[in-house]
Amino acid sequence: GQRLPPMQQLGQRFAEFDQAFRQTIAWQATRPERARARLWDLLWQLTDAAAPPTGAAAHAHPAVLAAMQRIELRLAGPIRIATLAAECDVSHNHLIRLFRAATGKSIAQYIRHRRVTQAEHLLRHTTLPIKAIARQVGMADLHLFNETMLRALGQSPRAVREGTQ
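Notes on the structure follow. (Residues numbered from 1 in each chain as written. Predicted model: local features only at pLDDT ≥ 70, side-chain atom pairs only at ≥ 80, totals over all residues. Heavy atoms only, no water.)

### A closer look at the nonpolar core
- Within the largest apolar cluster, 20 residues are counted, with the highest numbers of intra-cluster contacts made by Val64, Ile71, Leu95, Phe99 and Ile107.
- Elements that contribute at least two residues to this core include exactly helix 3 (62-73), helix 4 (81-87), helix 5 (92-103) and helix 6 (107-125).
- Ranked by residue count, the leading element in this core is helix 3, at six residues.
- Not counting residues within four places of it along the chain, the set of residues in contact with isoleucine 71 comprises Ile79, Leu84, Phe99, Ile107, Tyr110 and Ile111. (Core = buried A, V, L, I, M, F, W, Y, C linked by side-chain atoms within 4.5 Å. Buried < 20%, exposed > 50% of the residue type's maximum accessible area, 1.4 Å probe, protein only. Helix = DSSP H or I, 4+ residues; strand = E, 2+ residues; numbered from the N terminus. Contact = heavy atoms within 4.5 Å.)

The structure is reproduced here in structure tokens:
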């Protein structure tokens, strides 16, 4: 079976899914069978939403696509490029070249971008403590997390959460 990343970026579809899940939860008390069916439908829709990348990355070498999938699954922990390359059956240097050609970014830049994007989403849409979010996106050092978010978004994590500029 296909492994899906535990967290996905739904972009503009987030509000749609959020509303659908809330409606499903409300149905649970009065229409449990309908709620169960709707839940499965939503889960299948989320599976479909985890489609492969689009744009230039969609036509990337299979090793790049495999590396991207592994990065998504491992955002919370350390990610070593040499390990990714070995798992994708290419050399370290070849993966670096392929990745830059497909994405326009180095692997480290891509990982940092994905961590910042995930952290921003969690800050805006959850009540998780900032320290927990930092750990969840692979930046357990709170100072490094604050610095990275400030550099990438121009705002501190607290300002992102509060929605201030």
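### With respect to the packing of aromatic side chains
- One pass over the full model with this rule turns up one aromatic pair.
- Residue placement shows arginine 34 over the ring face of tryptophan 27; its charged tip is 4.2 Å from the ring centre. (Phe/Tyr/Trp six-rings, centres within 6.5 Å; stacked < 30°, edge-to-face > 60°. Lys NZ or Arg CZ within 6 Å of the ring centre and 35° of its normal.)

### Topic: the packing of helix 5 against helix 6
- Between helix 5 and helix 6, whose axes approach to 9 Å, the crossing angle comes to 60°. By the angle between their directions, the pair helix 5 and helix 6 is classed as oblique. Residues Leu95, Ile96, Phe99 and Arg100 of helix 5 pack against Ile107, Gln109 and Tyr110 of helix 6. (Axes fitted to C-alpha atoms, helices over the stretch in contact; angles between N-to-C directions. Parallel < 35°, antiparallel > 145°, perpendicular 65-115°, else oblique.)

### Concerning unusual backbone geometry
- One non-glycine residue, aspartate 89, lies in the positive phi region at around 60°.
- Assignment of secondary structure puts aspartate 89 in the loop between helix 4 and helix 5.

### What about a nonpolar patch on the surface?
- A surface patch of nonpolar side chains, amounting to about 450 Å² of accessible area, comprises Leu39, Trp40, Leu43 and Trp44.
- Take leucine 43: it is sitting in helix 2 (residues 32-49). (Patch = residues over 30% accessible without salt bridge, like charges linked within 9 Å, V, L, I, M, F, W, Y side chains within 5 Å. Areas by Shrake-Rupley, 256 points an atom, 1.4 Å probe, with all protein chains shown as cover. Salt bridge = Lys/Arg side-chain N within 4 Å of Asp/Glu carboxyl O.)

### Regarding helix 8 (residues 142-153)
- With 12 residues, helix 8 ought to run about 16 Å at 1.5 Å a step, and its terminal C-alpha atoms sit 16 Å apart, in line with that.
- Along helix 8, the positions that sit buried rather than exposed are Phe145, Thr148 and Met149. Seen along its axis, helix 8 keeps its buried residues to an arc of 95°; they face one direction. Among the exposed residues of helix 8, those oriented more than 90 degrees off its buried face are His143 and Arg151.
- Turning to helix 8, the residues buried within the fold contact helix 6, helix 7 (130-136) and helix 9 (157-162).
- Between a side-chain oxygen at the N-terminus of helix 8 and the backbone nitrogen of histidine 143 the separation is 2.9 Å; the capping residue is aspartate 141.
- Positive phi appears at glycine 154, one or two residues downstream of helix 8, with a value of about 75°. (Expected span 1.5 Å × (residues − 1). Arc of directions from axis to C-beta. Polar contact = N/O pair within 3.5 Å; in protein donor to acceptor, adjacent residues only side chain to side chain.)

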